Structures are given as C-alpha cells and as structure tokens.
Amino acid sequence: MSLTKEHILTLLEEVKDPEIPVLSLVDLGVITGVVISEEEHVTVNMTPTFAGCPAMDYMKKDVERTLEQHGISKYTVIMSFDKPWDSNKISDKGRQHLKEFGLAPPPKYNMVLDLDILEYASCPYCNSDNTTMRTPFGPTLCRSMHYCNDCRQMFEQFKPL
Ligand SMILES: [Zn+2]
C-alpha cells in the first residue's frame, strides 16, 4: 500500500490541540503541508499559532509520535514561520467543534484585524451577538472572556488573530 497525503491527514486528525482537546491540528490550520516523496518519506509542515501559546514543541512531538504509531518511520516534521498562521485558517469543522466545546470560534475577518473584531463575539450557547467583552485576557493568552447579555452566561472566545 502506498501512502497518500489524504491518509496522512486522516492520521493527523488524531493530534489535538493540547488546550482544546476537540480541535485537531489539521482543523486548527497548523498543518500547512504534507509531501510524500517517491521513497515514501513523509514531510509534514507546521505553522505555529500564537507566539504566546505554549506547546508548539509538544504538538510537533505529538505529530511525530502519531506518525510512528501508524508505522511511518521515515518522516520529517518542519516548523515553518514562512506563512504566519491566523485564525481564519481554522476550518469550518474546527469552528463547529469549538462551539460545541463551549468556546466561541474566532470571527472570520477580511484584511485588517481591528479592535472591533476583538470585542465581537457570538455566544456559543444561544448564538446571540448581544455580548460584551469582559477582558481580552482569558485563562490563556489565546482566549478572551465575554458575557452574553441574553442568556447571561460568561463564555470564552478563541481570539481572532
Ligand atoms: Zn447566550
């Protein structure tokens, strides 16, 4: 059986964000490329997310471990800073998973990220946009805290970047 890119991506779906166990690195948009050579050497490219988010090393090791667990012994995992990650790269499936997890997905934006969008959040519980940002600093650097004026619950949002 020869390896395919799709096969590798399916395996990598098993690797989750250490802070958000429902979100795979593939859906997070961190896995930016998979190349398989004629000799079946697998090269995986990763782009780090937030500079302040820990665990990129951990994620890289997790990718390597997952490949090995599936019998792939020839691989290279490259952390590339060429194309910066942004939160628009989170897949629609990933956004859905975030919401089910009770974490508001980052709003998609065009071109420039301004302050308004940082304050904008739609409630993951009732979908209301009538929300107020309490603090841009949530329990981790990647999250902000919001309050829903409709269902009166606090919730966290994965910050747009
Ligand atoms: Zn609500």
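Scroll up to find the structure this text is about.
Owing to the predicted nature of the structure, the values given are computational and were not obtained by experimental measurement. (Residues numbered from 1 in each chain as written. Predicted model: local features only at pLDDT ≥ 70, side-chain atom pairs only at ≥ 80, totals over all residues. Heavy atoms only, no water.)

1. Describing the pairing of strand β7 (residues 154–158)
Pairing geometry for strand β4 (residues 103–104) and β7, over two bridges, is parallel. Bridged to Ala104 within β7 is Gln157. Relative to β7, strand β6 (residues 143–148) runs antiparallel, the two being bridged by five bridges. Looking at β7, one finds that His146 is bridged to Phe155. In textbook terms, the turn of a hairpin is the stretch between consecutive antiparallel strands, and for β6 and β7 this stretch comprises five residues, one of which, Arg152, has a positive phi near 55°. (Pairing = 2+ DSSP bridges. Helix = DSSP H or I, 4+ residues; strand = E, 2+ residues; numbered from the N terminus.)

2. What to know about the pattern of salt bridges
In the structure shown here, the tally under the stated rule is seven salt bridges. Glu156 is the salt-bridge partner of Arg143, the closest N and O atoms lying 2.7 Å from each other. Residue Arg143 is found in strand β6, and its partner Glu156 is found in strand β7; the two are separated by 13 residues along the sequence. Taking relative accessible area as the criterion, Arg143 reaches 10% and is therefore assigned buried. One salt-bridge network, in which partners are shared between bridges, spans Glu13, Asp27 and Lys93. (Salt bridge = Lys/Arg side-chain N within 4 Å of Asp/Glu carboxyl O. Buried < 20%, exposed > 50% of the residue type's maximum accessible area, 1.4 Å probe, protein only.)

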